[in-house]
Amino acid sequence: MDTFGSCHQGLSGPSPKDPGSTVLNSGPAGAPSVSHMDVQGYKTVRWKVWLCHLGAVCSVGLLLVLFNWRPRLGVLAKCTSCPIPMADTLLLRDSHGQQFVIEVQTEETEQGSIDHARGELEDDEWRDDVHLHEEQKTLLRYYVFEGMRYVWMPRKGAFCKVSILNEGWTCADLHCLQRGLTRLDQSSRRQIFGDNIIDVPVKSCLRLLVEEVLNPFYMFQVFSIILWMSDKYYYYAVCIFIISFISITVSLYEIRKQSTTLHSMAQLMVNVTVRRASGEEELVSSVELVPGDCVIVPSEGLLMPCDAALLAGECMVNESMLTGESVPVMKTPLPDNKERYSPEAQRRHTLFCGTQVIQAKGGHSSGNGAVVVVTRTGFFTAKGDLVSSILYPQPVNFRFYQDAMKFLIFLGCMATLGTIYSIVMLYRSNTTWPELVIRSLDIVTIVVPPALPAALTTGTLYAQRRLKKRGVFCISPPRINVCGKISLFCFDKTGTLTEEGLDVWGVKCVSGTRFDELIPDPRLLPPGPMVMALASCHSVALLGDQAIGDPLELKMIESTGWELEELTNETGVISEFGSYRILMVMRPPAAEFQPTGIFISQPVAIVRRFPFSSTLQRMSVVTVGPGGDSPHIFLKGAPEMVASHCLQESVPPQFSNTLIEFVSEGFRVLALAYKEMDAQTDLRSITRAEVEKDLLFLGLLVMKNQVKPESAEVIGDLRRAQIRPVMVTGDNILTALNVAQSCRMLLPHEQVIFVHASPPAANSMASLQFQQRDGRDATINTQETMDILEQGLYQNSLKYHLAINGKSFAALCDHFPEYLPKVLMRGTIYARMSPDQKTELVRGLQKLNYRVGMCGDGANDCGALRAADVGVSLSEAEASVASPFTSKSDNISCVPLLIREGRCSLVTSFSLFKYMALYSLIQFASVLILYTVKTNLSDLQFLFFDLAMVTVLAIVMGRGGPSDELHPRRPPCQPIGSACSVLFGSTHHSVDPQPGGCSPYHNLTGMVHSSKFHRARLTQSAKYGGHKRVCCVRVTVHHHVYSSNKRIPLQETTFPQCCVCTCAAGPVWGYDLAGAIP
């Protein structure tokens, strides 16, 4: 999956041995893309194709089945290797080793169509024009892989994502496109970019049936059923046929239902108004949109069918479908500068596909609506990327699945040896050839149980059903088993560990060079810039009579008593405020509602907004008073960030101490600043850099953020289960520290050490320091300090935690990478972290072999939620695609539930795998021994073993549900180690190598006699963390063996030890190889 790159480009051209082989490189210097795909080119040879058709007929279709399982073999059989420019078939291999066969398509295009698609943008060296193969016609050579179109670029010698044609756009380029495209430009671009549609294929039932039946698992079942029918083993053959039929039917229904649901969710076609270069506006289908189109968003809003940059006006957008965040977001116009446009960097100026524009205003000539320019379409959009991640998920790198496949290969080798032994023994006993073939092949169906793959999924399916009943929805079922191995869980703070809403605690104003006393009620503030800043520095909007926006800003406005006024003038111009186009008017409360001695009468009009950004950690507004006079700039944000943009003399000397005092007590603190502007300043064209400099510090807004009552209990459960909790937040480090102590993430007796790292400056080198909470410093050069830190990594006697902020984290990654693992292994508080840094942190922890979980509200955590092994989004949406799991609860109580269900599912799958593998090997050994004495088990005995002892177990084992509490021991996930230990006669099972790992089983003793199973005497019971009542007993069985034909007792055989797994539904029996027949 070319998730990182745009181009499939060679390092040094095709090699002589394999002229079609190409290794993808990172692309030209300066290009933003890096690719990790190997591409080989092939050309179809007609005589080879006819030869393959003949082979398919002669093999009764088996050759086609082989090509379906191994597409690469089909390509090698039908094609010959050739340079990629001449290829009509491509063989792609991604970084996970998965291979894909892609057909290259051609399409006639008009001369110079790519030039039209590029528009009039500057031709950078690496963004060359696509000069297509020109014989007598101009042909566009391209292919579609996972919904994305790749076009051939000769100068690059590569197939590149078609989005590369607009990757280098600057903000100024997009503003130039505001005048619209000509119809010729639009037509040319559509030929290159294709239709703007996220098309999720819904396969027909017949095709799904064929693909399902051609699965190796079902093909093996078909082989087994045919073999059993020829052996007159009708009972089990009919049972397996019925089970397989039901399984295929249910599977087809679920696949078809999911495909239909995803298709309806992904496919979006609406009518939009597009502006043409001639100035006219026309209504077109969103399918026809191409990058560069200028779209008019109506005032009542629009469900966005593409990604687009907002150029004029403001939009209130609901992004819950993508992020899980239910709070609407205010989008503001993209600045007109030479900065390179990036949808992620300019997130506050970008409308993403699939999001709902609730309200648009101030952008169109009529005053209503907004103007946007399309930047990405189809699968290249944010929604397309998320849909693609659902359709084409990366393989789950989980040890259990890897070992399971290896053990199946081992069983296949055992079956081969058994088949050879059977042939020899049956040949010596003068068995007829038909009987010899049937009996020999029957060994394969005994060693490799056909029901094994299906049985392994039962635990996951039961767990998924139970989670859904508890309000936790899963779009990636294989991740449920991964939940059982989670060893570290990251939590966002605001809205996750703490309440979403805040209460205003008070305002700390600046008077001269010192702070005044805390004013608990902002209504008591005297008239002046502070109260104007609190009332106007926000992104809140009115939808009807309802104010919508960030809960913090809503509380801030509510505390002042000021009211928002909806504009009724379509042009946005109100004579009261001069000739300025107004975004919002804030009016003070009526005189009777103002405190005694305070009277504020003049309203404030907002004319420009520069929205809050997690990266910038601030926002600002430009306001005017009545008549358009008294223009002011107001800035609000993180105290440290606001202070850095103020004149030094305006910041009180007690700023740091005052801030530490508040945040240490767990308060959320924002700083405000302002400056007056010259009345002659052009407020419409002023840039953010000019606005946010040389301000005067106003003071601090102190807000109280309460910890959710469930947080402390859940964190305590995780710590007792030896699952390490970590806080990752964008808030102040001391506020995060206070919240961590409140929710028991840090205990009173545990020491906290702050990590301070700084990049090199003009007169200093990069530095790394450790500071204890009491203020004592210890530098990295002090070997004694490092010895203490390293000792704490391996000895639990030293209880300490590390805390680090975003700036130090960036410097640590860039300049002290050798110390990064040590910090990650002891880091508990990560503050002032940007969304990208959260993702980088998760990936860094994964490199240390942690199984990482992430829980957040989805707003700024999307990258981390998707990067984590287990991502949980707290959202009211039933199936947010921001993460594999979505919980409808607004607290973290779903985390222990998810881990317990994961452990239950993993234990169920693990137990079933071991049970069925050992059952098969026991039956395999028994049959070979019986072949040696010239007899075999009867059909009814086989039926009893296969149905009563296997099928029933697979159905009932996962229904017991998880344990009621989390235990320190995590389940094992190494089937090979466990099976091998049993094969060599050991009764012990593999354990989790991480601290707290143990086996879910304990040895028990019991006795069963004379083919009648008596209740075993249990000497010890076990309750395993994650599954109810799982135990193992050792029994001895004396069983009469019957001839398959005469049904008479021939000899009495002592069977090996028997394993009993007791689940909620009752005892189920199976055999163990320990102490086999001498």
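Residues numbered from 1 in each chain as written. Predicted model: local features only at pLDDT ≥ 70, side-chain atom pairs only at ≥ 80, totals over all residues. Heavy atoms only, no water.

- The name an unreviewed UniProt entry assigns to the protein chain is Cation-transporting P-type ATPase N-terminal domain-containing protein, from the organism Electrophorus electricus.
- Reading the Subcellular location (unreviewed entry) entry of the UniProt record for the protein chain gives the comment "Membrane". (UniProt positions renumbered as here; feature names shortened; annotations may be inferred.)

Things to note about the sheet that holds strand β14 (residues 302–303)
Part 1: Strand order in the open sheet formed by 4 strands is β14-β19-β16-β17, with antiparallel pairing between adjacent strands. Only two strands of the sheet have a single neighbouring strand rather than two, namely β14 and β17 (329–331). (Pairing = 2+ DSSP bridges. Helix = DSSP H or I, 4+ residues; strand = E, 2+ residues; numbered from the N terminus.)

Notes on the state of the cysteines
Part 1: Inspection of every chain in the model, using the stated rule, returns 0 disulfides.
Part 2: C82 supplies the cysteine sulfur nearest to C79, a cysteine that is in no disulfide, at a spacing of 8.5 Å. (Disulfide = S-S within 2.5 Å.)

A look at the pairing of strand β9 (residues 148–153)
Part 1: Judged by how many residues are buried, β9 sits mostly within the fold: 6 of 6 residues are covered.
Part 2: Residues of β9 alternate between two faces, with M148, Y150 and W152 on one and R149, V151 and M153 on the opposite face, all of them buried.
Part 3: Where strand β8 (residues 139–145) lies against β9, 4 bridges are found, and the strand directions are antiparallel. Each bridged residue has a counterpart across the sheet, and for Y142 the counterpart in β9 is V151.
Part 4: Linking two consecutive strands that pair antiparallel, namely β9 and strand β10 (residues 158–161), is a turn of 4 residues; a positive phi of about 65° is found at G157 within it. (Buried < 20%, exposed > 50% of the residue type's maximum accessible area, 1.4 Å probe, protein only.)

Some points on the sheet that holds strand β11 (residues 271–275)
Part 1: Taken in spatial order, the 6 strands of this open sheet run β12-β11-β13-β20-β15-β18, and their pairing is antiparallel. Looking along the sheet, the strands with just one partner apiece sit at the ends: β12 (281–285) and β18 (350–351).

Here's the deal with the nonpolar core
Part 1: With 78 residues, the main nonpolar core has F489, F491, F697, L718, F885 and V895 as its most contacted residues.
Part 2: When residues of this core are assigned to their parent elements, the largest contribution, 6 residues, is made by helix α23 (residues 733–742).
Part 3: One finds V448, Y919, L928 and M957 within the second-largest nonpolar core, a separate group that totals 41 residues. (Core = buried A, V, L, I, M, F, W, Y, C linked by side-chain atoms within 4.5 Å.)

A closer look at the pattern of salt bridges
Part 1: Evaluation of the coordinates by the stated rule reveals 24 salt bridges.
Part 2: The shortest N-O distance in the salt bridge between R466 and E901 comes to 2.9 Å. Here R466, found in helix α15 (residues 458–469), pairs with E901, found in helix α29 (residues 894–932); they are 435 residues apart in sequence, far enough to count as distant. Here the two residues R466 and E901 agree in accessibility, since each one is buried. (Salt bridge = Lys/Arg side-chain N within 4 Å of Asp/Glu carboxyl O.)

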